[in-house]
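Now for the letters of each chain:
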Amino acid sequence: MENKKNKVLIVGNNAAAFATVKKFATYENMEVYTTNLNVALNDCSTQLDIREDNIRELLDFVLENEIDLTVATSATAIKADIAKTFQDNSQAIFAPTATSANFAISRAYAKKFLYKMHIPTPKFGIFEKPSIAMDYLKKSPMPLIISSDEVNDTSVYTACKTVNEARNCVDYMTLQGEDKIIVEEYPYGHNFTVYVITDGYQALPITICGDYKFLENGDGGLLTCGIGTFAPDYKVTFDVLSKVMNNVNNILSNLERRETPYLGILGIECVLTDIDRFVTTGFTPYLKDHDAQAVLNSIDENLYTLMEACTNGSFADDYEGIRTNEKASVGAVLYSRHDGSQISGLNELDDDCKVTHFKTSRNEYLEYLTNKGRTLVLTQEALTISSAKKRLYENLELVDFTGKKFRSDICKE
């Protein structure tokens, strides 16, 4: 008698969804469906031409095809409240509800939430009127980070070094019809993200990623959602991790008291300002695109079993900790200045150098083509950070396309 296959639906059209599909596809007796239509997933999943925020149609598919577990990887799907709709229809889903995840999606809500919870965060202002934002800029020390309420690859997220730059940014946001302008002091230090998994009541750390956000070496140029990573982050001490986890437990207790428990993966974005001091800058409601493969590389648990335990109430009984391996991962984003440039060299990469696609496409010759902006993530796994870094940069040189750019100082001391 054949073993029954577990059917999983990955909802998201982002690089984190891509990496998650690839992870699930490595398991035996797994049938993977996804809303990510990237052609690079053709050989390991069944792709659905359903928008990630079309919750009614996704639910109909799950019911008709007896899907065992749905995993939402994008803020778009979570904001559309896929979790509540599925829960109301008795379908297992690994994702927070829109209400519980509001602090992880809206930067304005996150800043207010951090302030209310007495969690240190850079000084900030939230403005709906550009004129008041302009007055605030005149009195604020530079540099400043100015952003939209929701940060993604198409929204405003920039570091301004002068008042004139900041004014131009606010003017642009006004023309774009942004309803909220978030201004915060620039925190100097090392960026890192702590990832935890939770059923809403117990939270367990998975790993810590060191993050690179600026496009140019030495933290210059454009501020992005993420351009490089390494894990585990050796710069973050156990004492700092303990303090972050204490904050996480307080946040979960607060949400539980509101009867809006957070179920899923939560990323806590921080800046290490000294060896044992940090500020929290925000959150992410799943894995960030550039971190996703590095985090998934570190997990030695069966991801299906782990996520299923969170959805069926057995998480606290089944897991006292998340089993991780001793390997290290270093990842770099390949950034493209153009759409539609032919990508070469992907077939020459080492087997343990994994490729995550953003929104690449293929031409009639089955050659991959770039999307403008963040195009690929190459994540190298090895026994040590130094070895992973060395091999990553060897592999980065093999991949080529017109307008290729990447940081060459990831993990450089």
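It should be noted that the structure appears before, not after, this text.
Computed from a predicted model, the values in this text were never measured in an experiment.

Rules behind the numbers
- Residues numbered from 1 in each chain as written.
- Predicted model: local features only at pLDDT ≥ 70, side-chain atom pairs only at ≥ 80, totals over all residues.
- Heavy atoms only, no water.
- Helix = DSSP H or I, 4+ residues; strand = E, 2+ residues; numbered from the N terminus.
- Buried < 20%, exposed > 50% of the residue type's maximum accessible area, 1.4 Å probe, protein only.
- Contact = heavy atoms within 4.5 Å.
- Areas by Shrake-Rupley, 256 points an atom, 1.4 Å probe, with all protein chains shown as cover.
- Lys, Arg positive; Asp, Glu negative; His and termini not counted.
- Charge placed at Lys NZ, Arg CZ, Asp CG, Glu CD.
- Core = buried A, V, L, I, M, F, W, Y, C linked by side-chain atoms within 4.5 Å.
- Phe/Tyr/Trp six-rings, centres within 6.5 Å; stacked < 30°, edge-to-face > 60°.
- Salt bridge = Lys/Arg side-chain N within 4 Å of Asp/Glu carboxyl O.
- Arc of directions from axis to C-beta.
- Axes fitted to C-alpha atoms, helices over the stretch in contact; angles between N-to-C directions.
- Parallel < 35°, antiparallel > 145°, perpendicular 65-115°, else oblique.
- Left-handed = near helix turned anticlockwise from the far one by under 90°.
- Nonpolar A, V, L, I, M, F, W, Y, C, P; charged D, E, K, R; others polar.
- Pairing = 2+ DSSP bridges.
- Polar contact = N/O pair within 3.5 Å; in protein donor to acceptor, adjacent residues only side chain to side chain.

(A) The arrangement of the overall build of the protein in detail. When you go through the protein residue by residue, the secondary structure sums to 13 helices and 20 strands. Counting only C-alpha atoms, the protein reaches 75 × 50 × 40 Å along its principal axes. Evaluated residue by residue, the protein yields a buried proportion of 58% over its 413 residues. Long-range pairs, those at least 24 residues apart, make up 67% of the contacts in the protein with a sequence separation of at least 6. Counting every atom, the protein has about 18,400 Å² of accessible surface; 46% of that belongs to carbon and sulfur. Here the protein holds 42 positive side-chain charges and 58 negative ones, and the gap between their average locations is 7 Å.

(B) Main features of the nonpolar core. In this structure, Phe24, Phe94 and Ile197 are the most contacted members of the largest nonpolar core, which totals 72 residues. Per-element tally for this core: the top contributor is helix H1 (residues 15-24), with 7 residues. Not counting the four nearest positions on each side in its chain, Phe24 is found in contact with Val8, Ile10, Met30, Val32, Val71, Leu303, Tyr304 and Met307.

(C) Layout of the packing of aromatic side chains. All chains considered together, the criterion is met by 14 aromatic pairs. Ring centres of Phe103 and Phe113 lie 5.1 Å apart, and the angle between their planes is 40°; on these two criteria the pair is classed as tilted. One end of the pair, Phe103, is in helix H5 (residues 102-105); the other, Phe113, is in helix H6 (residues 107-116), and 10 residues separate them in sequence. Taking relative accessible area as the criterion, Phe103 reaches 2% and is therefore assigned buried. Look at Phe230 and Tyr234: their rings are 5.4 Å apart centre to centre, the planes differ by 35°, and that puts the pair in the tilted class. Among the residues examined, Phe230 registers a relative accessible area of 0% and is labelled buried.

(D) View of the pattern of salt bridges. In this structure the tally under the stated criterion is 20 salt bridges. Salt-bridge contacts for Lys79 lead to Glu150; the nearest nitrogen and oxygen are separated by 2.5 Å. Note that Lys79 is positioned in helix H3 (residues 75-79) and Glu150 in the loop between strand S7 (144-147) and strand S8 (157-160), a separation of 71 residues in sequence. Across the pair Lys288 and Asp211 runs a salt bridge whose closest N-O atoms are separated by 2.9 Å.

(E) Summary view of helix H7 (residues 130-139). For H7, the complete set of buried residues consists of Ala133, Met134, Tyr136 and Leu137. All buried residues of H7 project into a common sector of 160° when viewed along the axis, lining one side. Opposite the packed face of H7, turned more than 90 degrees from it, sit the exposed residues Lys138 and Lys139.

(F) Region of the structure containing the packing of H7 against helix H8 (residues 163-175). Interhelical geometry of H7 versus H8 gives an angle of 170° and a closest axis separation of 10 Å. It follows from the interaxial angle that H7 and H8 lie roughly antiparallel. Remark: the crossing between H7 and H8 carries right-handed chirality. The segment H7 lies against H8, with Pro130, Ala133, Met134, Leu137 and Lys138 engaging Val163, Ala166, Arg167, Val170, Asp171 and Thr174. Looking at the contact of H7 with H8 residue by residue, the class counts come to 7 nonpolar, 1 polar and 3 charged.

(G) Expanded view of the pairing of strand S19 (residues 373-382). The buried fraction of S19 is high, at 10 of 10 residues. Bridge analysis of strand S16 (residues 353-357) against S19 gives 5 bridges, and the strand direction is antiparallel. Pairing of Thr356 across the sheet is with Val377, part of S19.

(H) Seen up close, the side chain of Gln293. Mapped onto the fold, Gln293 is located in helix H10 (residues 292-298). Taking relative accessible area as the criterion, Gln293 reaches 7% and is therefore assigned buried. Excluding residues within four positions of it along the chain, Gln293 makes contact with Ala19, Lys354, Thr356 and Thr379.

(I) Structural view of the sheet that holds strand S4 (residues 69-72). Strand order across the open sheet formed by 5 strands is S3-S2-S1-S4-S5, with parallel pairing between neighbours. Each having just a single partner strand, strand S3 (46-47) and strand S5 (93-94) make up the two edges of the open sheet. Here 5 bridges tie strand S1 (residues 6-11) to strand S2 (residues 30-34), and the two strands are oriented parallel to one another. Bridge pairing links Leu9 to Tyr33 in S2. Packing of helix H2 (residues 55-65) onto the sheet brings it into contact with S1, S2 and S4, and relative to S1 it is tilted by some 175°. The strands touched by helix H11 (residues 303-312) within the sheet are S1, S2, S4 and S5, with S4 carrying the most contacts at an inclination of about 95°.

(J) Looking closely at the sheet that holds S7. Reading across the sheet, the 4 strands line up as S6-S9-S7-S8 and stay open at both edges, with antiparallel pairing between neighbours. Strand pairing shows two members of the sheet lacking a second neighbour, strand S6 (124-127) and S8, which therefore form its edges. Across the sheet, the axes of successive neighbouring strands diverge by a mean angle of 20°, strand direction being ignored. Two strands pair when backbone bridges link them, and S6 and strand S9 (residues 181-185) are joined in this way by 4 bridges, in the antiparallel orientation. From the neighbouring strand, Phe124 faces S9, where its bridge partner is Glu184. Packed onto the sheet, H7 meets S6, S7 and S9 and runs at close to 160° relative to S6.

(K) Focus on H11. Of all the residues in H11, the buried ones are Leu303, Tyr304, Leu306, Met307, Ala309 and Cys310. With a side-chain oxygen lying 2.9 Å from the backbone nitrogen of Tyr304, the N-terminal cap of H11 falls on Asn302. Just downstream of H11, Gly313 is the residue with a positive phi angle, here 90°.

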